Amino acid sequence: MRPKKRNSGTTQSKELKPSPGGASPDKKESQELSVKKHRDKDAEFVTLCKSLHVTDLVCDHAWKLWKSVQDSMEEVLDNQKRLWGACLFVSATDMDVACFTLTEVLKAVSLNVKQFLALVRKLDVNLDTISTKVNSALTQLEKKYDVTLALYQRFEKTCKKIFALVSDTEERKTIQSCWTMFLLARGRALQMEDDLVISFQLLLCTLEFCIKRCPPDLLQPLYKSAISKVLSPPTRTSRRNQSKAKSRPPEPEVDLQLLKTLCQENECNAEEVKNVYQTSFSAFMESLDISKSPDFPPVKDLNQQYEEHYLKSRDLDGRLFFEEDETVLLPKIEISQVERTPKKNQADEDAVLIPPQTPIRAAMNSIQQLRGDLTSSGDQPSTNLATYFKNCTVDPTQNMLKRLETLGQAFSQRFGQAVGPRCVVLGRQRFTLGVKLYYKVMEAMLKSEEKRLSVQNFSKLLNDSTFHTSLLACALEVVMATYGESSFKTGGYNHGGCGTSEKNVCFPWILDVVNLAAFDFYKVIESFIKADPTLNKDIVKHLEACENLIMERIAWRTGSLLFELLKQERESGAAEQVETPASFNQPLQHNHTAADLYLSPMRPGVRTLPPDSPVTPSSQASVQPLAQTANQSPQFPKSNSLSLFYKKLYRLAYTRLKILCSYLLSAHPELEPIIWTLFQHTLQHEHELMRDRHLDQLMMSAMYAICKVKSVDLRFKIIVSAYKNMPNTNQETFKHVLITEGHYDSIIVFYNQVFMQKLKTNILQYASTRPPQLSPIPQIPRSPYKFPNSPLRVPGSNNVYISPMKSPRMSPGIMTPRSRMLVSIGESFGLSNRFQKINQMVNSSERSFKRTLDMGSPPKPLKRLRFDVDGQDEADGSKSNGDSTLIQRLTEMSSTRSRMQEQKMKEDVESRKE
């Protein structure tokens, strides 16, 4: 039953860190490669090692790695030198030896960043070649590269709008100096150089610095006029006359008018950029001693200082973006695909091409939306919220304000430690936004509870410190996710203990900052989403991912409240089990509230009602144990929060198992319910196996065990390979599994030494003639997290969808239409009769009409309302009967749309003239 364990190629050590000082490798004469020691290796490999200044130890390690993967790799002959470069990168990273930079190895093997990172990951053919440390370094490099590429593309576009003569030599030098200065400023000011938003704000600060030092004839009219009159822009002077030029008085530190223009043109909040300028960028300029200088710093000095930073960081040379070097720029096709304007569908196309938003535009739009939604919310309780506080038996206001002050200081300091030493002020800004959202959602929750319970005294809930901390933490997580600082899109969450965790503010960083148990945070997520319908789809998905991470792993860490609750359930004689299999067939109800979960019984007498508090269904449940007489055996009610946790856990577990089975066991569908039965049994009766482990580790072990006893040939390597293709997975899950306290190894070792030993008797029962009874399959309901901003179908219609406009402050110009026509209710489109044709169709009673298609093919349902031209059906490219009533209406609507668009263009032109 034991699978064969492969020898581990690498150890699970801490993440890559540059060597102290980051000295250039060619200065390490004592560690230079000795060619004589490597005569047993390929001469070209040794030559590559010497060109990259690797040490003898790295050379030996890389050659050994190469020999171990050589037989497993395909097309070795064509990619041999490139694979050698990948092996050298892996070895140097694992051994913490700073021999070369990423740019140097890219140049040596003639690959761009994306190609090289993909090649390194391809080395992991046996799933034991790439350590979690190397994988973390790859993820970090890829994220930094993606951010830098997005910044450079925006920089390039912005410079075309700022400078008048692109081909001018002097102008090109100015632009190059500006880009190099930005790279240096980012490296000096930020510890997290992959922070897109703050990096972009620093880029705008750098542009402001450069623009006001440019001669006027280099600037476009918009920026020439934007420079404050207080400043006297320099004029071009010959070198011969430069020494005779009169020195200008020291200029103001920041030109607010110019900075505001830059922010407006780039859809960025001017106040935030101003704060970045006055903190991080000003400190950077002072470090260069150029803050009061009216001239550009010497290009040579900028290059020299950036060179030192680049060699110390050991990664990418950002200057190569300006030089359009092939190692950093994507192929032109990929760039144009992102930037091009959506074109009209051709006759043979089935769907509208919707180019993705650029990362910066998407980030700016999300921030603008969040700030717009909170415009009417203050950083103090509203009148309605203050009334709720006064209605409480014990007024929670003072304790709440003290808590906010304490947590605000902690958050700002920790944010500065993680992002950059000058970013404490930015942390305070993030916290202020979080407080506004905290008050807004709290008020919505209380209004909902008042309507549900017909009471106004919520003293018990509002005096619960855990509830307030959870609600605030959720609001702050929303803010952090909106600014892109807490995101799962680039390599998972903060695992903790990965070497750079102090610089990782991804979830669950916020829980550590506010000292909150993950299980308590989970209680507020669903209620938070329901209480704030303005949350966009990406943020809702992010919070749902946080909830899943808590159920998968975080809530199962040693010291978690979850284990205490499970222990109480067993010791106190709870009326029911945590979650019985019989309840799987029942749909998961989503009518619970935060009050139900935070006031859920914990243990007898722990949470009691304040005097004169109203008795609600939740409070009745909490005081029920106190009503037991001394002669009765205690039958304490089940914890609502624990019961709901297990219901969601089972449904998440089965959903993931079903995906994995679809990958691997489509030929054996009868095994899925058997595997689920073992999996569910483990979670219910052997939950100690989850301590400091991951849900998917038990899932893969259960699959392997059942396949083994059922004589189905399925190796762990195949299971892990399929698992890597599942959504939201991380290789640490199968490479770094707890075996005994303080000792970690692979998933195979865990199965042999822990899982099978604990469940051997139960596993063997499935091979007998009388196997255990199968557990019912959980119902998998639709997600409770509806997206209010997604298109919603009009009742009674199959092809009419509407989307609510987020805010009157957000112009439709920054919205991405997902159809041929975007109608924004609330914006002026002229006379109402322009919508007459649309209304005639929407209100028509002839809904039974069905389209007929050529060739007799079955009709394709329209997912959204589309507008045809000359009877052309955009859904499938075919033409239907031109005499149909529907086609006639659509043709009329097409002409109406054209007239509307022409009128709109005229109005836009007139408004610009005004």
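Draft legend 1. Spatial organisation of the pairing of strand β1 (residues 737-740). Pairing geometry for β1 and strand β2 (residues 743-745), over three bridges, is antiparallel. Residue pairing in the sheet places Leu738 in a bridge with Tyr744 of β2. Hairpin connection between β1 and β2: a loop of two residues separates the two successive antiparallel strands, and Gly742 in this loop has a positive phi of roughly 80°.

Draft legend 2. Inspection of the confidence of the model for the protein at higher detail. Across the protein, the average pLDDT comes to 77, with 66% of residues at 70 or higher. The element-level mean pLDDT for the protein is lowest in helix α27 (residues 617-623), coming to 37, with helix α30 (residues 695-709) highest at 97. Residue range residues 333-354 is modelled with pLDDT below 50. Its contacts to residues more than four positions away, or to other chains, number 36 contacts. Long-range and interchain partners of residues 845-884, a stretch whose pLDDT sits below 50, account for 74 contacts in this model, where long-range means more than four residues apart.

Draft legend 3. The arrangement of the pattern of salt bridges in detail. The final tally for this structure, using the stated rule, is 31 salt bridges. Two residues, Arg319 and Asp317, come together in a salt bridge whose shortest N-O distance is 2.9 Å. Across this residue pair, the class does not change: Arg319 and Asp317 are buried. Where salt bridges share partners, they join Lys114, Arg121, Glu142 and Asp146 into one cluster.

Draft legend 4. Up close: the nonpolar core. Core analysis: the biggest nonpolar cluster contains 242 residues, and Phe528, Phe645 and Met703 have the highest contact counts within it. Apart from the residues lying within four places of it in its own chain, the contact partners of Phe528 are Leu437, Val441, Met445, Leu471, Cys474, Ala475, Val478, Leu535 and Leu543.

Draft legend 5. Molecular detail of the packing of aromatic side chains. Under the defined criterion, the tally for this structure stands at 36 aromatic pairs. When the centroid spacing of 6.1 Å and the interplanar angle of 25° are considered together, the rings of Phe411 and Phe415 count as stacked. Of this pair, Phe411 and Phe415 both sit in helix α18 (residues 397-419), separated by four residues, roughly a single helical turn. Just as Phe411 is buried, Phe415 falls in that class too. On the basis of an interplanar angle of 55° and a centroid distance of 5.4 Å, the ring pair of Phe519 and Phe645 is categorised as tilted. Highlighted residues: Phe519 in helix α23 (residues 518-531) and Phe645 in helix α28 (residues 640-664), separated in sequence by 126 residues. Accessibility expressed as a relative area gives 0% for Phe645, which makes it buried. Ring pairs connect the aromatic residues Phe519, Tyr522, Trp556, Phe563, Phe645, Tyr646, Tyr650, Tyr654, Trp676 and Phe679, which therefore count as one cluster. The cationic tip of Arg213 hangs over the ring face of Phe209; the distance from NZ or CZ to the ring centre is 3.6 Å. Over the ring of Phe563 we find Arg691, and its NZ or CZ is 3.9 Å from the ring centre.

Criteria and cut-off values
Residues numbered from 1 in each chain as written. Predicted model: local features only at pLDDT ≥ 70, side-chain atom pairs only at ≥ 80, totals over all residues. Heavy atoms only, no water. Pairing = 2+ DSSP bridges. Helix = DSSP H or I, 4+ residues; strand = E, 2+ residues; numbered from the N terminus. pLDDT = per-residue confidence, 0-100. Contact = heavy atoms within 4.5 Å. Salt bridge = Lys/Arg side-chain N within 4 Å of Asp/Glu carboxyl O. Buried < 20%, exposed > 50% of the residue type's maximum accessible area, 1.4 Å probe, protein only. Core = buried A, V, L, I, M, F, W, Y, C linked by side-chain atoms within 4.5 Å. Phe/Tyr/Trp six-rings, centres within 6.5 Å; stacked < 30°, edge-to-face > 60°. Lys NZ or Arg CZ within 6 Å of the ring centre and 35° of its normal.

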